[in-house]
Amino acid sequence: MATLQYILKRLFLMIPTFFLVMIIIFVLVRFLPGDPAIAIAGDRASDADLEAIRERLGLNEPMLVQFWLFVTNTIQGDLGSSILMRAPVTEVIFNRLPTTAFLTLYAVGLSLLIAGPLAFVAALNRGRWPDVLIRTVFQVGLSMPVFYIGLILLTFLAAQLRWFPVGGYGDTFGARLYHLFLPSVAVALYTSAIIMRNLRSAIIEVLDAEYVQFARAKGLPNRLILGRHVLRNALISTVTLLGLSIGNLMSGTLVTETVFAVPGVGRLMLEAIFARDYPLIQGLTLTFAVLVSVVFLLTDLFQSTLDPRMRLT
Amino acid sequence: MKRHLLLATAIISTAIAAPAFSQERGGVLNFARYDGSNLIDPIYADRNPDIWMVGSLFDTLLRPSADGNSVVAGLAEDHSVSDDGKTVSLTLRDGVTFADGTPLTGEDVVFSLDRAREPDQSPWSGLLGSIESVSAEGNAITINLNNPDPTILSMLATFTTGIVSKAVFDAAEGATDQEKSAAIFASGGPGVGSGPFYLCGFEQGTSMKFCANENYWRDGADGKPLPYLEGVNFQIIPDDATRILKLQSGEVDVAEFIPFSRVPELDADPAINMNLFPSTRIIYSPINTRETRADGSPNPLADVRVRQAVNYATNKDALIGLVLQGAGKPMTSPLMAAATPLSTNPGPLYGYDMEKAQALIAEAGLEQGTEITFTTLAGSADDSTIFAALQQMWAPLGINLVVEQVDGPTRGAKNRSGEFDIHTYGWVNDVNDPGQVVGWLGYTPTANAVGTGWDNAEFNALYEASQTEIDPEKRAQQYADMQAIYAEAAPLLFMYETPFAVAVSASVDGYVQTPLGNNIFEEATVSR
């Protein structure tokens, strides 16, 4: 019951957040130099053409009227029509969203698979060569830009060895796992480096905690100590970190989707900005805001189940 | 053993002999594009990724000749212009149909040309401004003109006069012509055009499919109907490096817009044919010629001697080496690519001459250390290279060149408002006539002479006269005069012409990109 109340309260608090996001994005896109009418009609269009386009898009209305229309339409679930795609913004976004969601979750999954075991190995061998080796390798991963990692992976694993396709995203679940493997790895290498460092120090901290010393003294088997006491407690900060890095992951898709030719919302955002597609930029930003807010909420909920001491207020 | 040998000989001899008398037929070509189409329609195509595909889906009454300097029969098997230059008569080919097999009639021609010249609908209607009326009787098409128009035949071979099906438009959903067009495009299918292909798949921003039109009227070199391919699958891959990797991994057969820095490497690959198709693309930089800058300060570039000086001080060959790895040539006509009809070719335009440049600067009395802003496209490696080179080349003139990086729409807005000193720009002809590019670059009423603010009464009068001059010699003289005036006034930094760099798998033959940029697939073949 308390949890439900908490969720409702959090959802209610999201409303002012979204309103703020709407104001900011509305003002920001209109401060971008460059006229959407020129972006649509091209540099060669006549002034009369541009005027007609502005009229059609409602860009000649006063700012406040435009903002009022934006807010009222959004509340009714109408994000307007994309200038670039000539289709409703909601439809355009929902067509592309599953691909990005898949890519992001895939990358998170891979990050955990890579970072989890290695963090344990590093922590348990603190200061010895496996620890140093793992940390060095991840340091390199952390300092390389995602697009560069992406191009290296593409060049060797896709173009030369031909183990993976260079781009695209497949039709079936299996095909998607295969097609999106390289882009996910490119993103995961960066995220897993962050997670590994965090998890490693969390594990070390927990290993030194008195209750773990006590469990050892009790003669509990190592497997049980690590599984029940160490992992659970070390995970708390990692989950928070993962939740917080969702924003990073999302912005990472802008680059990854472009390099790997994956038709998701990240690439869509880039196209929308270059085309000065106001409705689409607004719609995408709102979608990102909703997603990030929901992930934050889920993170908090998950944290409280891991650690009952954290009260949901 | 003997039998095997015999069989092997038979196979080999067939394989050798086969290409001699028949083209490889069938197969699907996989094509990696730099950008996707939005709406391929003869009148609503307003970006190159749309314009360049119109010809694959729609036919025009006439077609450009192979050398690009005249027109040949298209949907119309013959054509003539009356002596007073005010009537064009054409005869529609017998038995031509749209891709779904329904007949293409004079009614469709009238409908298509009327919608193309409707100013409220088509951004290209200005190209057909001379047309007074279009009528059809059976296969005879008559176009009456308000005034003689030297470009009319070229326009009938241009994408915007592509013929669409009136019946399909009448039946389509939508309140306006544009809505109908969008609905027809979204549903795809063979009914609307008579080009070598029809649209059979489309995913916005991702992919597109063309399927062969089984009813296409033209025959190929082997005497059988075109096109040879079953279809073309397009994938949109904006990233240059990824597009090339796709080709190298064999996932696609063609990758367009190869960055020039990668050309030598792909040229050396035996599995790839690195094509540099001649184009009408020119790279130039408009110079603000107004007396004062947008902020009210005096504009040093208003002095023609300073503009001439920067042109002389620019080593075009060095730029071409740096930016294009040598795959380009300096502009020779100040107003158009050399491949455009009526371009004059007086030799190097402002050949590199630092002494002359410095003399002009001294004569103009330009203050040492004068700051001039060069506006480039953010993220464009070419533009960055150009800036770095010009900064060095112009330093001996006492010019302190500083860079300002913006994106495309911002650059367009600056060009219109005159808030720039010099900025990079490019142009590809859309039509096979110099009228369009000269109107854009030099004629003040069109767009302030490409935003430079240059306004020359003699030039403008020549341009207006040339628009109705049907005597080819007189018109050629008018264009020669305009080019001489423009070169002298130097409202541009004249730079270079670049080809279209397209990398094609060795298994593909016959793919062409025309000087106007049009992608031509009908004679392409692929052997797997």
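The name an unreviewed UniProt entry gives chain B is Diguanylate cyclase, with Aliiroseovarius zhejiangensis as the organism. The UniProt entry for chain B carries the following comment under Sequence similarities (unreviewed entry): "Belongs to the bacterial solute-binding protein 5 family." Recorded under Subcellular location (unreviewed entry), the UniProt text for chain B is reproduced unchanged: "Periplasm".

By the naming in an unreviewed UniProt entry, chain A is ABC transporter permease, taken from Aliiroseovarius zhejiangensis. A UniProt comment under Sequence similarities (unreviewed entry) is attached to chain A, and it reads "Belongs to the binding-protein-dependent transport system permease family."

Here we come to the overall build of chain B. In terms of regular secondary structure, chain B is built from 17 helices and 24 strands. In terms of overall dimensions, chain B is globule-like: its C-alpha atoms have a radius of gyration of 25 Å, near the 24 Å expected for 528 residues. Oriented by its inertia axes, the alpha-carbon framework of chain B measures out at about 85 × 65 × 45 Å. When the accessible surface of chain B is summed, it comes to about 20800 Å², and 51% of that surface belongs to carbon and sulfur atoms. The positive charge centre, built from 32 side chains, and the negative charge centre, built from 67, are 5 Å apart in chain B.

Time to look at the packing of helix H5 (residues 89-124) of chain A against helix H6 (residues 129-143) of chain A. Residues and elements named next belong to chain A. Where H5 contacts H6, the axes come no closer than 8 Å and their chain directions differ by 145°. Mapping the contact onto sequence places Ile114, Leu118, Val121 and Ala122 in H5 and Pro130, Asp131, Ile134 and Phe138 in H6. The class makeup of the residues in the contact of H5 with H6 is 7 nonpolar, no polar and 1 charged.

Quick look at helix H16 (residues 457-466) of chain B now. Residues and elements named next belong to chain B. Where H16 is concerned, the buried positions are Phe459, Asn460, Leu462, Tyr463 and Ser466. One side of H16 holds all its buried residues, which, seen down the axis, span an arc of 160°. Opposite its buried face, H16 presents the exposed residues Ala457 and Glu458, each directed more than 90 degrees away. The N-cap of H16, judged by a side-chain oxygen 3.0 Å from the amide nitrogen of glutamate 458 a few residues on, is asparagine 456.

With that settled, the discussion passes to the interface of chain B and chain A. Contact with chain B, which involves 32 residues of that partner, is made by 36 residues of chain A. Carbon and sulfur atoms supply 51% of the area buried between chain B and chain A, which totals about 2800 Å² over both sides. Broken down residue by residue, the surface that chain B buries against chain A is led by Leu245, Pro409 and Arg416 of chain B, which jointly contribute 22%. Scanning the region where chain B abuts chain A turns up 1 salt bridge. Among the ionic pairs, aspartate 407 of chain B bridges to arginine 276 of chain A, the shortest N-O distance being 2.7 Å. Across the chain B-chain A interface, the total number found is 9 residue pairs in polar contact (both at pLDDT 80 or more). Broken down by secondary-structure element, the contributors of at least two residues to the side of chain B that touches chain A are helix H7 (240-248), helix H13 (408-417), strand S18 (425-427) and helix H14 (434-441) of chain B. Among the residues forming the side of chain B that touches chain A, the class breakdown is 12 nonpolar, 12 polar and 8 charged.

On to the sheet that holds strand S6 (residues 131-137) of chain B. Residue and element names in this part refer to chain B. Read from one edge to the other, the open sheet built from 4 strands follows the order S4-S5-S7-S6, with strand pairing classed as antiparallel. A strand with exactly one partner marks an edge of an open sheet, and here the two such strands are strand S4 (76-81) and S6. Neighbouring strand axes in the sheet, compared pairwise and without regard to direction, differ in orientation by 15° on average. Examined bridge by bridge, strand S5 (residues 87-92) and strand S7 (residues 140-145) share 5 bridges and lie antiparallel to one another. From the neighbouring strand, valine 88 faces S7, where its bridge partner is isoleucine 143. Set on the sheet, helix H3 (residues 106-116) makes contact with S5, S6 and S7; between it and S6 the angle comes to about 165°.

Attention now goes to the sheet that holds strand S17 (residues 422-423) of chain B. All names here are of chain B. Within the open sheet, the 3 strands sit side by side as S16-S15-S17. Their pairing is parallel. If you trace the sheet from one side to the other, it starts and ends with strand S16 (399-406) and S17, each paired once. Sheet topology places strand S15 (residues 370-377) next to S16; 8 bridges connect them, and they run parallel. In the strand pairing of S16, phenylalanine 374 is matched with valine 403. Against the sheet, helix H12 (residues 381-394) contacts S15, S16 and S17, and its axis sits at roughly 170° relative to S16. Along the sheet, H13 contacts S15, S16 and S17; its crossing angle with S16, the most-contacted strand, is approximately 125°.

Residues and elements named next belong to chain A. The residues that UniProt annotates with the feature "transmembrane region" (unreviewed entry) are residues 12-32, 103-124, 136-157, 177-196, 234-260 and 280-302. Overall, residues 177-196 shows 95% helix and 0% strand. The separation of its end C-alpha atoms is 23 Å. Helix makes up 100% of residues 280-302 and strand 0%. Its end C-alpha atoms lie 33 Å apart.

Our focus in this paragraph is the packing of aromatic side chains. Given two aromatic rings, one states the distance between the centres and the angle between the planes to describe the pair. Residue and element names in this part refer to chain B. The tally for this structure, following the rule as stated, stands at 36 aromatic pairs over all chains. Ring geometry for phenylalanine 459 versus tyrosine 486: centroids 5.9 Å apart, planes at 40°, classification tilted. You can see phenylalanine 459 sitting in helix H16 and its partner tyrosine 486 sitting in helix H17 (residues 472-489), a full 27 residues away along the chain. Tyrosine 486 shares its class with phenylalanine 459; the two are buried. Between tyrosine 511 and phenylalanine 521, the aromatic rings sit 5.3 Å apart at their centres with planes inclined by 35°, giving tilted as the arrangement. Of this pair, tyrosine 511 sits in the loop between strand S21 (508-509) and strand S22 (512-513) while phenylalanine 521 sits in the loop between strand S23 (519-520) and strand S24 (525-526), and the two are 10 residues apart along the sequence. In terms of burial, tyrosine 511 and phenylalanine 521 fall into one category: buried. Taken together, the aromatic side chains of Phe31, Phe197, Phe210, Phe234, Phe277, Tyr511 and Phe521 make up a single cluster linked through ring pairs. In this structure, arginine 33 is placed above the aromatic ring of phenylalanine 234, and the distance from its NZ or CZ to the ring centre is 5.5 Å.

To continue, consider a nonpolar patch on the surface. Together, Phe19, Leu20, Ile23, Ile24, Val27, Leu28 and Phe31 of chain A give the surface a local cluster of nonpolar side chains, amounting to about 680 Å² of exposed area. Structurally, isoleucine 24 of chain A is set in helix H1 (residues 2-31).

To continue, consider the side chain of aspartate 383 of chain B. Residue and element names in this part refer to chain B. Topologically, aspartate 383 is positioned in helix H12. Polar side-chain contacts of aspartate 383 include one of 2.9 Å to the backbone nitrogen of leucine 377. Excluding anything up to four places from it in sequence, aspartate 383 contacts Thr376, Leu377, Arg411 and Thr424.

In this section: the UniProt feature "domain: ABC transmembrane type-1" (unreviewed entry) in chain A. Per the UniProt entry, the sites bearing "domain: ABC transmembrane type-1" (unreviewed entry) are residues 97-299 of chain A in this numbering. With 84% helix and 0% strand, the stretch residues 97-299 of chain A has end C-alpha atoms that lie 21 Å from each other.

In the numbering used here, UniProt assigns the feature "domain: Solute-binding protein family" (unreviewed entry) to residues 71-444 of chain B. When the span residues 71-444 of chain B is considered, its composition is 29% helix and 22% strand, and the gap between its end C-alpha atoms is 30 Å.

What follows covers helix H7 (residues 146-160) of chain A. Residue and element names in this part refer to chain A. Taking 1.5 Å of rise per residue, 15 residues should cover 21 Å, and H7 covers 20 Å from first to last C-alpha, within 8% of that figure. Roughly 30° is the biggest bend found in H7, and it falls at leucine 154. What H7 keeps buried is the set Val146, Ile149, Gly150, Leu153, Leu154, Ala158 and Ala159. Once H7 finishes, arginine 162 follows within two positions and takes phi at roughly 60°, a positive value.

Rules behind the numbers
Residues numbered from 1 in each chain as written. Chains lettered and ligands numbered in written order. Predicted model: local features only at pLDDT ≥ 70, side-chain atom pairs only at ≥ 80, totals over all residues. Heavy atoms only, no water. UniProt positions renumbered as here; feature names shortened; annotations may be inferred. Helix = DSSP H or I, 4+ residues; strand = E, 2+ residues; numbered from the N terminus. Rg over C-alpha atoms; globule rule 2.2 N^0.38 Å. Areas by Shrake-Rupley, 256 points an atom, 1.4 Å probe, with all protein chains shown as cover. Lys, Arg positive; Asp, Glu negative; His and termini not counted. Charge placed at Lys NZ, Arg CZ, Asp CG, Glu CD. Axes fitted to C-alpha atoms, helices over the stretch in contact; angles between N-to-C directions. Contact = heavy atoms within 4.5 Å. Nonpolar A, V, L, I, M, F, W, Y, C, P; charged D, E, K, R; others polar. Buried < 20%, exposed > 50% of the residue type's maximum accessible area, 1.4 Å probe, protein only. Arc of directions from axis to C-beta. Polar contact = N/O pair within 3.5 Å; in protein donor to acceptor, adjacent residues only side chain to side chain. Buried area = accessible area lost by both parts, 1.4 Å probe. Salt bridge = Lys/Arg side-chain N within 4 Å of Asp/Glu carboxyl O. Pairing = 2+ DSSP bridges. Phe/Tyr/Trp six-rings, centres within 6.5 Å; stacked < 30°, edge-to-face > 60°. Lys NZ or Arg CZ within 6 Å of the ring centre and 35° of its normal. Patch = residues over 30% accessible without salt bridge, like charges linked within 9 Å, V, L, I, M, F, W, Y side chains within 5 Å. Expected span 1.5 Å × (residues − 1). Bend = angle between axes of the 7 residues up to and from the residue.

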